[in-house]
Amino acid sequence: MYATFEHSANLELAISSLEKNGIGKNDIFAVPLTNRKLERKLFDSIHHTDGVSLLSTGAALATAFSVVGASVGFRLAWGPIYWGLIGAAGGFLCGFLIDFVYYKVVKKRQRLLRGKNSEVILIVECDESHCDTVERILWHHFALGTARVEI
């Protein structure tokens, strides 16, 4: 049985409850994790991507603004081509800035407010008959997640 916990008194209580219920000290293994201290990079490289695109909203707004700019450009002095290009550049810049601010400010704030990180992995070796009891004890002591591996 695997479980993740925050490093707190609940972890110690879970371990002591497991020991009281017949799980030996040699069958319990706790591994502390090192959490990420650096911020995630917003700009991807050719070798690393995180699935966050700062270009998609910019491309959509560039298309919309270029159509509007070209349409209005028929009545303006520089003509539809220049105003379409100006609209595309303005739309792309607006979309890029919207995504940049969203991922840099809003998502960072949400990550900080959530604040619950897995800090310790608890590995419990037990018989099949004890698995339900062990899982109940881990959930009772606020495990962030559990997994059962049957061999």
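Refer to the preceding data block for the structure.
Residues numbered from 1 in each chain as written. Predicted model: local features only at pLDDT ≥ 70, side-chain atom pairs only at ≥ 80, totals over all residues. Heavy atoms only, no water.

### Description of the overall build of the protein chain
- Within the protein chain, the secondary structure is distributed over four helices and four strands.
- Counting helices and strands in the order they occur from the N terminus, the protein chain gives β-α-β-α-α-β-α-β.
- Here the protein chain holds 151 residues, and 23% of them are scored as buried.
- For the protein chain, contacts bridging at least 24 residues in sequence account for 75% of all contacts bridging at least 6.
- Here the protein chain displays about 10900 Å² of accessible surface, and carbon together with sulfur accounts for 62% of that area. (Helix = DSSP H or I, 4+ residues; strand = E, 2+ residues; numbered from the N terminus. Buried < 20%, exposed > 50% of the residue type's maximum accessible area, 1.4 Å probe, protein only. Contact = heavy atoms within 4.5 Å. Areas by Shrake-Rupley, 256 points an atom, 1.4 Å probe, with all protein chains shown as cover.)

### Observations concerning the sheet that holds strand 3 (residues 120–124)
- The four strands lie next to each other as 2-3-1-4, forming an open sheet whose pairing is antiparallel. Edge positions in the sheet fall to strand 2 (28–32) and strand 4 (145–147), since each has one partner strand and no second. Recorded for the sheet is a direction-independent mean angle of 20° between the axes of neighbouring strands.
- Pairing of strand 1 (residues 2–5) with strand 4, which is carried by three bridges, proceeds in the antiparallel orientation. Counterpart to Y2 in the pairing with strand 4 is A147.
- Relative to strand 3, helix 1 (residues 9–20) is tilted by about 5°, and along the sheet it contacts strand 1, strand 2 and strand 3.
- Seen against the sheet, helix 4 (residues 131–140) touches strand 1, strand 3 and strand 4 and runs at an angle of roughly 165° to strand 4. (Pairing = 2+ DSSP bridges. Axes fitted to C-alpha atoms, helices over the stretch in contact; angles between N-to-C directions.)

### Some thoughts on a nonpolar patch on the surface
- A surface patch of nonpolar side chains, amounting to about 620 Å² of accessible area, comprises W78, I81, Y82, L85 and I86.
- Mapped onto the elements of the fold, W78 is located in the loop between helix 2 (56–73) and helix 3 (80–114). (Patch = residues over 30% accessible without salt bridge, like charges linked within 9 Å, V, L, I, M, F, W, Y side chains within 5 Å. Salt bridge = Lys/Arg side-chain N within 4 Å of Asp/Glu carboxyl O.)

### What to know about the packing of aromatic side chains
- Inspection of every chain in the model, using the stated rule, returns four aromatic pairs.
- Residues F92 and F96 carry aromatic rings whose centres are separated by 6.5 Å and whose planes lie at 20° to one another, so their mutual orientation is stacked. Note that F92 and F96 are positioned in helix 3 at a spacing of four residues, about one turn of the helix.
- On the basis of an interplanar angle of 75° and a centroid distance of 5.1 Å, the ring pair of Y102 and Y103 is categorised as edge-to-face. (Phe/Tyr/Trp six-rings, centres within 6.5 Å; stacked < 30°, edge-to-face > 60°.)

### Focus: the pairing of strand 1
- Bridge count between strand 1 and strand 3: four bridges; the pairing is antiparallel. Among the inter-strand pairings, Y2 is bridged to a residue of strand 3, identified as I123.

### Regarding the pattern of salt bridges
- Applying the stated criterion across every chain, the model contains two salt bridges.
- Here D132 and R148 are joined by a salt bridge, their closest N and O atoms 2.8 Å apart. In this pair, D132 sits in helix 4 while R148 sits in the segment after strand 4, placing the two residues 16 residues apart along the sequence.
- Judged by relative accessible area, which is 53%, D132 ranks as exposed.

### Some words on the side chain of H141
- Considering the arrangement of structural elements, one finds H141 in the loop between helix 4 and strand 4.
- The exposure class assigned to H141 is buried, which follows from its relative accessible area of 11%.
- Engagement of the side chain of H141 in a polar contact is seen with the side chain of S17, the distance being 3.1 Å.
- Beyond its immediate sequence surroundings of up to four residues, H141 is in contact with F5, N10, L13, A14 and S17. (Polar contact = N/O pair within 3.5 Å; in protein donor to acceptor, adjacent residues only side chain to side chain.)

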